[in-house]
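Residue-level listing of the chains:
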Amino acid sequence: MRLNEVTYTDAKPVDGYGPGFFRVGGEVFEGPVLVMPTGVHSWGGYDDTCPIAKADIDVVFVGTGADVAHVPAKFRETLEESGLGVEAMASPAACRTYNVLLSEGRRVALALLPV
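Heads up: these notes are all about the structure in this document. Only a predicted model underlies this, so the values are computations on that prediction, with no experimental measurement involved.

Reading the values: rules and limits
- Residues numbered from 1 in each chain as written.
- Predicted model: local features only at pLDDT ≥ 70, side-chain atom pairs only at ≥ 80, totals over all residues.
- Heavy atoms only, no water.
- Salt bridge = Lys/Arg side-chain N within 4 Å of Asp/Glu carboxyl O.
- Helix = DSSP H or I, 4+ residues; strand = E, 2+ residues; numbered from the N terminus.
- Buried < 20%, exposed > 50% of the residue type's maximum accessible area, 1.4 Å probe, protein only.

Points about the pattern of salt bridges
Summed over the entire model, instances satisfying the criterion amount to five salt bridges. Across the salt bridge formed by Asp56 and Arg107, the nearest N and O atoms sit 2.7 Å from each other. Of this pair, Asp56 sits in the loop between helix 1 (50-53) and strand 6 (59-64) while Arg107 sits in the loop between helix 3 (91-103) and strand 8 (108-113), placing them 51 residues apart in sequence. Assessed through its relative accessible area of 37%, Arg107 is described here as partly exposed. Put simply, Asp58 and Arg107 hold a salt bridge, and the shortest N to O gap is 2.6 Å. Taken together, the residues span a long stretch of sequence, with Asp58 in the loop between helix 1 and strand 6 and Arg107 in the loop between helix 3 and strand 8 at a distance of 49 residues. For Asp58, a relative accessible area of 42% gives the class partly exposed. Residues joined in a network through salt bridges with shared partners are Asp56, Asp58 and Arg107.

Below, the structure written as structure tokens:
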């Protein structure tokens, strides 16, 4: 088996998560978080689209909590009108997908609701 060390750009990978928190780049964040190329911020939920829509990214992965759920239509429409792809999935899957694409140097962001 060949192992390769993953090098990330300025953006931080998700290291772990648990009930009500996420660990991103070695720091623990409580509640919903927004992981962007410019840093990690608390997230106001589906009504808080402004920082995502203005980001220099191609796609945002939306972690909907412990289970996959539909995101509100207005949230999706607002981001898609800004030219972004929106992919909703359970938060654990969103974290894994984000980390893989981040390691490939892709322009991605992550909006997470806690598990």
